[in-house]
Amino acid sequence: MDKHFFDIIFLDEAFEFLSNLDKKHSGKILYNIRKAQTEHDPELFKKLNDDIWEFRTLYQGLQYRLLAFWDKTNSENTLVISTHGFIKKRSKVPDNEIMRAKQLRINYFEEKNK
């Protein structure tokens, strides 16, 4: 059995995004995420800036992205928190999507520390 480098939690917006996709498309995204959990592949999971990463899936000509961040507050269990997803239309991830992920990250840690 392959070792998982991290566990993943989907915030509501990420879960909704996946739920609203065709099952084959969401299945491919989840397959790639599981693959990224066991092997380092920047084609599947790539750092965008200091805090935000992206899960990357190209399927049937569509570029799917789920933005995420690391939660390493528990030394026993490293988590990656997926904030939300979108279909990418340009080569660069839009700044507003990165800002949205950063805000969801702030909200997550504020809630966690209550």
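One structure accompanies this document, and this report is about it. Treat the numbers as computed from the prediction; the structure is a model and nothing was measured. (Residues numbered from 1 in each chain as written. Predicted model: local features only at pLDDT ≥ 70, side-chain atom pairs only at ≥ 80, totals over all residues. Heavy atoms only, no water.)

We now examine the pattern of salt bridges. Applying the stated criterion to the full structure yields 9 salt bridges. Across the salt bridge formed by Asp 51 and Arg 105, the nearest N and O atoms sit 3.9 Å from each other. One end of the pair, Asp 51, is in the loop between strand E2 (45-47) and strand E3 (53-59); the other, Arg 105, is in helix H3 (residues 95-112), with 54 residues separating them in the sequence. For Asp 51, a relative accessible area of 30% puts it in the partly exposed group. The partner of Glu 54 in a salt bridge is Arg 56, and the shortest N-O contact between them spans 3.0 Å. Each member of the pair, Glu 54 together with Arg 56, is buried. The network of salt bridges with shared partners includes Glu 43, Glu 54, Arg 56 and Arg 65. (Salt bridge = Lys/Arg side-chain N within 4 Å of Asp/Glu carboxyl O. Helix = DSSP H or I, 4+ residues; strand = E, 2+ residues; numbered from the N terminus. Buried < 20%, exposed > 50% of the residue type's maximum accessible area, 1.4 Å probe, protein only.)

The buried fraction of E3 amounts to 6 of the 7 residues, a majority that puts the element mostly inside the structure. Note that E2 and E3 share 3 bridges and pair antiparallel. Across the sheet, Phe 45 pairs through a bridge with Phe 55, a residue of E3. Sheet topology places E3 next to strand E4 (residues 62-71); 7 bridges connect them, and they run antiparallel. Paired with Tyr 59 across the bridge in E4 is Leu 62. Where E3 folds back onto E4 in an antiparallel hairpin, the turn is made up of 2 residues, including Gln 60, whose phi is positive at roughly 50 degrees. (Pairing = 2+ DSSP bridges.)

The tally for this structure, following the rule as stated, stands at 11 aromatic pairs. An aromatic cluster of at least three residues, connected via ring pairs, comprises Phe 6, Phe 45, Trp 53, Phe 55 and Trp 70. Here Lys 72 stacks its cationic end above the ring of Trp 70, 5.1 Å away from the centre of that ring. (Phe/Tyr/Trp six-rings, centres within 6.5 Å; stacked < 30°, edge-to-face > 60°. Lys NZ or Arg CZ within 6 Å of the ring centre and 35° of its normal.)

Before going further, it helps to examine the nonpolar core. Core analysis: the largest hydrophobic core is formed by 18 residues, its most contacted members being Ile 29, Phe 45, Phe 55 and Leu 66. Every element with two or more residues in this core is listed here: helix H1 (12-19), helix H2 (23-38), E3 and E4. Contacts of Ile 29, omitting those with residues within four sequence positions, involve Leu 18, Leu 21, Thr 57, Tyr 64 and Leu 66. Counting residues in hydrophobic clusters, the runner-up holds 13 residues, among them Leu 67, Leu 79, Phe 86 and Ile 98. (Core = buried A, V, L, I, M, F, W, Y, C linked by side-chain atoms within 4.5 Å. Contact = heavy atoms within 4.5 Å.)

Geometry only, nothing functional implied.
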